[in-house]
Amino acid sequence: MEKFLRGWRQDALNRGQNDSAIYIGDKVLALTNSDADAFWLAQVHFNNNNFTRALALLSRKDLVSRSTSCKYLAAHCYIKQNKFEAALNILGDQNPTHLITTAGHSRRKIQHLNGHSHVTLRNGKTAASRSDRADRSEERDREDANNIRFEAAMCYLRGLCYAKQNAFDRARDCYKDAVRIDIQCFEAFDQLMKNSLMSPAEELEFLESLDFDSVTVPSEPSKSQEAAHFVKMLYTTRLSKYTSPATLSDATETLSTHYNLATNPDILLSRAEALYTQCRFLEALELTSSILTSPETAGAMTESSVIPGQNLGHSPAVYPLHLACLYETGAVNALFLLSHTLADNAPEEPYTYLAIGVYYLSVAKIAEARRFFSKASLLDPHSAPAWIGFAHTFAAEGEHDQAIAAYSTAARLFQGSHLPQLFLGMQHLALNNMSLAHEYLCAAYSMSSGSPSGSLTTIPKGPSSGLPALGGDPLVLNELGVVLYHQGNFKPAAELFHQALALANSLQCDPGAWVATRANLGHAYRRMGELNDALAQFDECIRVGAGGGATGYSAAIGGTSATSAGVAGYEDRGLIGSLHTSRGLVYLQLGRTLDAVTVLHEAVRVLGVSGGDAAGGAGTAGTILARALELWSMENRIKAIKTANSGRQRRDAASRSRDDAYGSNLTEEIIHAEDDVETELDAHAEGLLGTALNKVRPRRAGKKPQRSAGEMKRNFLVDAVRRDEYNLGVLMVLD
């Protein structure tokens, strides 16, 4: 009879007829009075949400103190009733750490048993060795495999209780012990990963410390090693995507190809998360959309008869990432449709209010977005997207103090995530608190990259050799560079911008997502006086942003599309317009005023078309353009004056050359005239001397008589008149 009733009970449970299973199970328990039948019936009550009846049954038969499985079920009932202290009273506060096995221990133990389990005696008989007897004695004292798994499950429940009480350190330790005791306790591992209770480096270290060799296949022992490798790869896909990109890629690729899991939703979600961290939002959106429109669940999105609370046929984990991808790509209509679908079919789920909040944030209705993010965080206090979105609403309105308070709460809840620390640093940067901003950003860098905290002060040194081996978030390096830039440390800032770009390239990130970082590098070069390098960086930004190099970004940053804000809101501020303005400044510093006027005209045009906040930048660009035009006009006037002056100087030089030539001829004539007068005067003097001598000395005979003085005077004056016929004084004398 017991066998018949147990079969009937199991068939009713398999068909979902819980009332029939409870009725028949009660009769089986009355006939057998067995602990196993009592536990089975209490489990049916638990699955039917009859937690009080399950507890009453377990307490009546005193099963809690006698059975590990019943103790686990009773504590689980109290947790479902939010009675965490009562659950901890049953579970205790100590984890059975003596059950933990380290990595490789199980494999070495198996090899030891195979090689040294027996010794041969002199009579030819075999006897168990001392180590074998000790192992068997230890096995007899230890719980069986089923009890060990329940002990691990109770560690998981302790972690849940501590997490509900906001004791996250103790919760993390309980989850880790649960996985160490039973590698197949996936619930505990999932809590560690999705709540970011460990940093990326700690996650990778914890994964390597687990004893995957304890995974066994009872029916096929030869398959145990392959099963252990399979479980490790599954767990690897759950790690933070900043941990080790190469390791994650290898695990995903092996599961997709070798085990034919390429279309599995969890594997697709892991790949989408990796693409999202690389800012390849369109590719990530394609994967999340394929999950939501898979053949087995496609009808759930359109059927009006979907039962509320059934997650619409999908894992709830896919919705936060899908919503983030829709927001980054500016798919406002898709956000609106998804929000309405979830509100109609799953009105009590946290991700429904998260979707509505993301939609309102995308259309800049900040107050409404804050209200729905708050509702999502109330329904799920451990929802990181809800807390981050709630804090973003304060940051969007410039309420930095409230934003810092919300980000601080997120940092306390998600101790292993670097995002709250990053956003806290950005808020302090906006408040010009450079020391606090640097401190938070260094902490974020340490979390995302796995670098030791003692090396944070040497981040600016060696940008090429300082890249973290585990990966990291390039945005953290960019923000650190901005802090150094504002402090006037332009060279270290430029090195950090270089490092961020190199890290983004190594992670195969979308180049368009890091146009702002390259622009920051250009500004650092500009302030350092390296104008040609700065101009080269700005030109590269224009090429990537406007030339289609940024998938999903070119339309938004070009100012020709009414999309939502992208990374850090750079697109709404008109990045392309600011780049043209920066190029204009560099051209002005280089003395190329005409080129500066050209690009500043383009900046005003782009910023004016962008509208919104970007249009405010057109005023700045317009002011610089007006100054550049004044400078250009002044340069043209100076050039015209210089041209006129150069012409006048050429004419003056020619005139001076002509005057010099005329003056030299006149001088020569004067010199010749003076020579003639001197000759005449010499002749006249000789004549006078001769006359005087003739008067004194006697006249020689036969000598020709000399001319008289009057005659000689007359001849001198005639000669003078011949030389200057207009000499009136000489003419009057002659007359």
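Procedures and definitions
- Residues numbered from 1 in each chain as written.
- Predicted model: local features only at pLDDT ≥ 70, side-chain atom pairs only at ≥ 80, totals over all residues.
- Heavy atoms only, no water.
- Helix = DSSP H or I, 4+ residues; strand = E, 2+ residues; numbered from the N terminus.
- Expected span 1.5 Å × (residues − 1).
- Buried < 20%, exposed > 50% of the residue type's maximum accessible area, 1.4 Å probe, protein only.
- Contact = heavy atoms within 4.5 Å.
- Patch = residues over 30% accessible without salt bridge, like charges linked within 9 Å, V, L, I, M, F, W, Y side chains within 5 Å.
- Areas by Shrake-Rupley, 256 points an atom, 1.4 Å probe, with all protein chains shown as cover.
- Salt bridge = Lys/Arg side-chain N within 4 Å of Asp/Glu carboxyl O.
- UniProt positions renumbered as here; feature names shortened; annotations may be inferred.
- Axes fitted to C-alpha atoms, helices over the stretch in contact; angles between N-to-C directions.
- Parallel < 35°, antiparallel > 145°, perpendicular 65-115°, else oblique.
- Left-handed = near helix turned anticlockwise from the far one by under 90°.
- Nonpolar A, V, L, I, M, F, W, Y, C, P; charged D, E, K, R; others polar.
- Phe/Tyr/Trp six-rings, centres within 6.5 Å; stacked < 30°, edge-to-face > 60°.
- Lys NZ or Arg CZ within 6 Å of the ring centre and 35° of its normal.

Caption draft 1: Spotlight on helix α13 (residues 224-236). The end-to-end C-alpha separation of α13 is 18 Å, in line with the 18 Å expected for 13 residues at 1.5 Å each. Every buried residue of α13 is listed here: Ser-224, Ala-227, Ala-228, Val-231, Met-233, Tyr-235 and Thr-236. Contact partners of the buried residues in α13: α11 (186-194), α12 (200-209) and α14 (245-257).

Caption draft 2: Up close: a nonpolar patch on the surface. Taken together, the side chains of Met-1, Phe-4, Trp-8 and Leu-31 define a hydrophobic patch exposed on the protein surface, amounting to about 480 Å² of accessible area. Among the structural elements, Phe-4 can be located in helix α1 (residues 2-14). You can call Phe-4 exposed: its relative accessible area is 53%.

Caption draft 3: Spotlight on the UniProt feature "repeat: TPR" (unreviewed entry) in the chain. Those residues carrying the UniProt feature "repeat: TPR" (unreviewed entry) are residues 350-383, 474-507 and 515-548 in this numbering. With 79% helix and 0% strand, the stretch residues 350-383 has end C-alpha atoms that lie 8 Å from each other. With 88% helix and 0% strand, the stretch residues 474-507 has end C-alpha atoms that lie 9 Å from each other.

Caption draft 4: Structural view of the packing of helix α15 (residues 265-277) against helix α16 (residues 281-292). For the pair α15 and α16, the least separation of the axes is 8 Å and the interaxial angle reads 165 degrees. Taken together, the axes of α15 and α16 lie roughly antiparallel to each other. Note that α15 runs across α16; the crossing there is left-handed. In this structure, α15 contributes Pro-265, Leu-268, Leu-269, Arg-271, Ala-272, Leu-275 and Tyr-276 to the contact, and α16 contributes Phe-281, Glu-283, Ala-284, Leu-287, Thr-288, Ser-290 and Ile-291. Across the contact of α15 with α16, the residue classes break down as 10 nonpolar, two polar and two charged.

Caption draft 5: Examining the side chain of Thr-68 more closely. Relative to the assigned elements, Thr-68 resides in helix α5 (residues 68-80). Beyond its immediate stretch of four places on either side in the chain, Thr-68 contacts Asn-147, Phe-150, Glu-151 and Met-154.

Caption draft 6: Focus on the packing of aromatic side chains. Counting across every chain of the model gives 19 aromatic pairs. Summarising the aromatic geometry, the rings of Phe-4 and Trp-8 are spaced 5.9 Å apart at their centres and angled 50 degrees between planes, so their arrangement reads as tilted. Here the residue Phe-4 and the residue Trp-8 both occupy positions in helix α1, the gap between them amounting to four residues, near one helical turn. Given a relative accessible area of 40%, Trp-8 falls into the partly exposed group. Taken together, a centroid distance of 5.4 Å and an interplanar angle of 65 degrees make the contact between Tyr-485 and Phe-490 edge-to-face. With respect to burial, Tyr-485 and Phe-490 carry one shared label: buried. Three or more aromatic residues joined by ring pairs make a cluster, and in this case those are Phe-336, Tyr-353, Tyr-359, Tyr-360 and Phe-372. Between the NZ or CZ atom of Arg-9 and the centre of the ring of Trp-40, over which it lies, the distance is 3.8 Å.

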